Amino acid sequence: MSTPVLPTGDDQSLKDLAVKRIKDRRDFQGHVVVYVVVNLFLWGLWAMTSGLGSYPWPVWVTLGWGIGVVLNWWSVTRRPITRDEVNQEIQRLQ
């Protein structure tokens, strides 16, 4: 996922960016809900069928998917790159 450059002055561009960020946050919230519900189901299934003394196989699903949730959170909470940052980097490279 690329980070958009924060627009300056253009109301439509700002609105588009705001809508995208709101959508990304809502998508992330849905991802977390599904993660919790599915993992609760898997851990419950394991506890009912295998017993608490058996190998906890749902840990692999929880950890693997958890990495995806963390990466999703990171991409959603990152702030956009600003034009000032781009200009500063251009000046540094020159």
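As a reminder, the structure under discussion sits directly above these lines.
Summary of the structure given here. Remember, predicted model here, so these are calculated numbers, not experimental data. (Residues numbered from 1 in each chain as written. Predicted model: local features only at pLDDT ≥ 70, side-chain atom pairs only at ≥ 80, totals over all residues. Heavy atoms only, no water.)

1. Quick look at the overall build of the protein chain
- If you tally the helices and strands in the protein chain, you get three helices and two strands.
- Each helix and strand of the protein chain, placed in order from N terminus to C terminus, yields the pattern β-α-α-β-α.
- Computed over its C-alpha atoms, the radius of gyration of the protein chain comes to 20 Å, more than 25% above the 12 Å expected for a compact globule of 94 residues.
- Seen along its three principal axes, the alpha-carbon backbone of the protein chain occupies a region of about 65 × 30 × 10 Å.
- A sequence separation of at least 24 residues applies to 62% of the contacts in the protein chain between residues at least 6 apart.
- Total accessible area on the protein chain stands at roughly 7,200 Å², and carbon and sulfur atoms take up 66% of it.
- Counting 10 positive and 8 negative side-chain charges, the protein chain places the averaged centre of each group 5 Å from the other. (Helix = DSSP H or I, 4+ residues; strand = E, 2+ residues; numbered from the N terminus. Rg over C-alpha atoms; globule rule 2.2 N^0.38 Å. Contact = heavy atoms within 4.5 Å. Areas by Shrake-Rupley, 256 points an atom, 1.4 Å probe, with all protein chains shown as cover. Lys, Arg positive; Asp, Glu negative; His and termini not counted. Charge placed at Lys NZ, Arg CZ, Asp CG, Glu CD.)

2. Side note on the packing of aromatic side chains
- Applying the stated criterion to the full structure yields two aromatic pairs.
- Across the ring face of Trp74, the terminal group of Arg78 is positioned such that the distance to the ring centre comes to 4.6 Å. (Phe/Tyr/Trp six-rings, centres within 6.5 Å; stacked < 30°, edge-to-face > 60°. Lys NZ or Arg CZ within 6 Å of the ring centre and 35° of its normal.)

3. Observations regarding the pattern of salt bridges
- Scanning the model with the defined rule gives four salt bridges in all.
- Here Glu85 and Arg79 are joined by a salt bridge, their closest N and O atoms 2.6 Å apart.
- One salt bridge connects Arg92 with Glu89, and the closest N-O pair in it is separated by 2.5 Å. Placement of both Arg92 and Glu89 in helix α3 (residues 83-93) is noted, with a separation of three residues, approximately one turn of the helix.
- Accessibility expressed as a relative area gives 35% for Glu89, which makes it partly exposed. (Salt bridge = Lys/Arg side-chain N within 4 Å of Asp/Glu carboxyl O. Buried < 20%, exposed > 50% of the residue type's maximum accessible area, 1.4 Å probe, protein only.)

4. A look at the environment of Ile22
- As for its placement among the helices and strands, Ile22 is situated in helix α1 (residues 11-49).
- For Ile22, a relative accessible area of 38% gives the class partly exposed.
- On a C-alpha basis, the gap between Ile22 and Val76 in space is 9.4 Å, while along the polypeptide they are 54 residues apart.

5. Describing α1
- With 39 residues, α1 ought to run about 57 Å at 1.5 Å a step, and its terminal C-alpha atoms sit 57 Å apart, in line with that.
- If you check which residues of α1 are buried, you get Leu17, Asp24, Phe28, Tyr35, Asn39, Leu42 and Trp46.
- Looking one or two places after α1, you find Gly51, whose phi comes out positive at around 90°. (Expected span 1.5 Å × (residues − 1).)

6. Considering the packing of α1 against helix α2 (residues 58-77)
- Between α1 and α2, the shortest axis-to-axis distance is 10 Å and the interhelical angle comes to 170°. What the angle tells us is that α1 and α2 run roughly antiparallel. Contact residues: α1 offers Asp24, Arg25, Phe28, His31, Val32, Val34, Tyr35, Val38, Asn39, Leu42, Trp43 and Trp46, while α2 offers Pro58, Val59, Val61, Thr62, Trp65, Gly66, Gly68, Val69, Asn72, Trp73 and Val76.
- Across the contact of α1 with α2, the residue classes break down as 15 nonpolar, six polar and two charged. (Axes fitted to C-alpha atoms, helices over the stretch in contact; angles between N-to-C directions. Parallel < 35°, antiparallel > 145°, perpendicular 65-115°, else oblique. Nonpolar A, V, L, I, M, F, W, Y, C, P; charged D, E, K, R; others polar.)

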